[in-house]
Amino acid sequence: MSSKKIVITGGPGTGKTSLINELINRNYLCLEEISRQVILDARKDGVEQLFLTNPLLFSERLLDSRIKQFQEAKSTETSFVFIDRGVPDVLAYMDYASESYPKSFEVACQNCRYDQVYVLAPWQDIFISDNERYENFDQAVKIHEQLLNTYKKYKYNLINIPFDTIENRVDYLLDTITKL
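Residues numbered from 1 in each chain as written. Predicted model: local features only at pLDDT ≥ 70, side-chain atom pairs only at ≥ 80, totals over all residues. Heavy atoms only, no water.

1. Re the overall build of the protein
Now for step 1: On a plain count of helices and strands, the protein comes out with eight helices and five strands.
Now for step 2: Written out in order from the N terminus, the α and β elements of the protein read β-α-β-α-α-α-β-α-α-β-α-β-α.
Now for step 3: Relative to a compact globule of 180 residues, whose C-alpha radius of gyration would be 16 Å, the protein shows 16 Å and is just as compact.
Now for step 4: Within the protein, the fraction of its 180 residues that count as buried is 51%.
Now for step 5: As displayed, the protein has an accessible area near 8900 Å², and 48% of this comes from carbon and sulfur atoms.
Now for step 6: When the 21 basic and 26 acidic side-chain charges of the protein are each reduced to a single mean position, those positions are 5 Å apart. (Helix = DSSP H or I, 4+ residues; strand = E, 2+ residues; numbered from the N terminus. Rg over C-alpha atoms; globule rule 2.2 N^0.38 Å. Buried < 20%, exposed > 50% of the residue type's maximum accessible area, 1.4 Å probe, protein only. Areas by Shrake-Rupley, 256 points an atom, 1.4 Å probe, with all protein chains shown as cover. Lys, Arg positive; Asp, Glu negative; His and termini not counted. Charge placed at Lys NZ, Arg CZ, Asp CG, Glu CD.)

2. Side note on the sheet that holds strand β3 (residues 80-84)
Now for step 1: Taken together, five strands build an open sheet; the order of strands is β2-β3-β1-β4-β5 and the sheet is parallel. The two strands at the open ends of the sheet, each matched to only one other strand, are β2 (29-31) and β5 (158-161). With direction set aside, neighbouring strand axes in the sheet form an average angle of 25°.
Now for step 2: The sheet contact formed by strand β1 (residues 4-10) and strand β4 (residues 116-120) spans five bridges and is parallel. Residue pairing across strands places V7 opposite V117, the latter belonging to β4. (Pairing = 2+ DSSP bridges. Axes fitted to C-alpha atoms, helices over the stretch in contact; angles between N-to-C directions.)

3. Overview of the environment of V87
Now for step 1: With respect to the helices and strands, the residue V87 is situated in helix α5 (residues 87-96).
Now for step 2: Sequence separation between V87 and L62 is 25 residues, and the spatial gap between their C-alpha atoms is 8.7 Å.
Now for step 3: Setting aside residues no more than four positions away along its own chain, V87 makes contact with L63, R66, I67, A108, C109, C112 and Y114. (Contact = heavy atoms within 4.5 Å.)

4. Observations regarding unusual backbone geometry
Now for step 1: Here R85, not a glycine, exhibits a phi torsion of approximately 80°, which is positive.
Now for step 2: Among the secondary structure elements, R85 is positioned in the loop between β3 and α5.
Now for step 3: For S98, which is not a glycine, the phi torsion comes out positive at approximately 55°.
Now for step 4: For S98, a relative accessible area of 68% corresponds to the exposed category.

5. Comments concerning the packing of aromatic side chains
Now for step 1: This structure, assessed with the given rule, holds seven aromatic pairs.
Now for step 2: Taken together, a centroid distance of 5.4 Å and an interplanar angle of 90° make the contact between F70 and Y114 edge-to-face. Placement of F70 in helix α4 (residues 55-74) and of Y114 in the loop between α6 (103-111) and β4 is noted, with a sequence separation of 44 residues between them. Neither F70 nor Y114 differs from the other in exposure class; each is buried. (Phe/Tyr/Trp six-rings, centres within 6.5 Å; stacked < 30°, edge-to-face > 60°.)

Interpretation in functional terms is not warranted from these geometric data alone.
What follows is the structure in structure tokens.
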């Protein structure tokens, strides 16, 4: 049995982590966002914001980890595995920052194909900045648009999850995912 690999994406502060946490509470297999770990690891090395200091190095580390997550998702024995951000998110952030990247980034997007992508739109009512999220709401909106463009470039059908409570957002996702 091959698991359906389901990505949950969207700009910063849209509720992805809360949605993943609710899926975990409902006993679904989820692979959590890994960029915060890359940020924390860089801070241990004395770099406050690695993406701002060296976007390519940050993105290479992130891409490597996201590819490993994709491989992990491929090898699971459950019906669905939910992933907080996918490989194309790396390219979207680099494009948002107008940074160049090697062709291998695009090859990774072509090789790591997800079964479905759900999108959470920017929602000012829940947006919060924190120690790892340096973007403001206007930047989050621009990042969101870049994410949409990047996933569309790789021919994904994007499903928007409406604004609602976390429980209702998860219910919506689970109701629509059964149609896969």
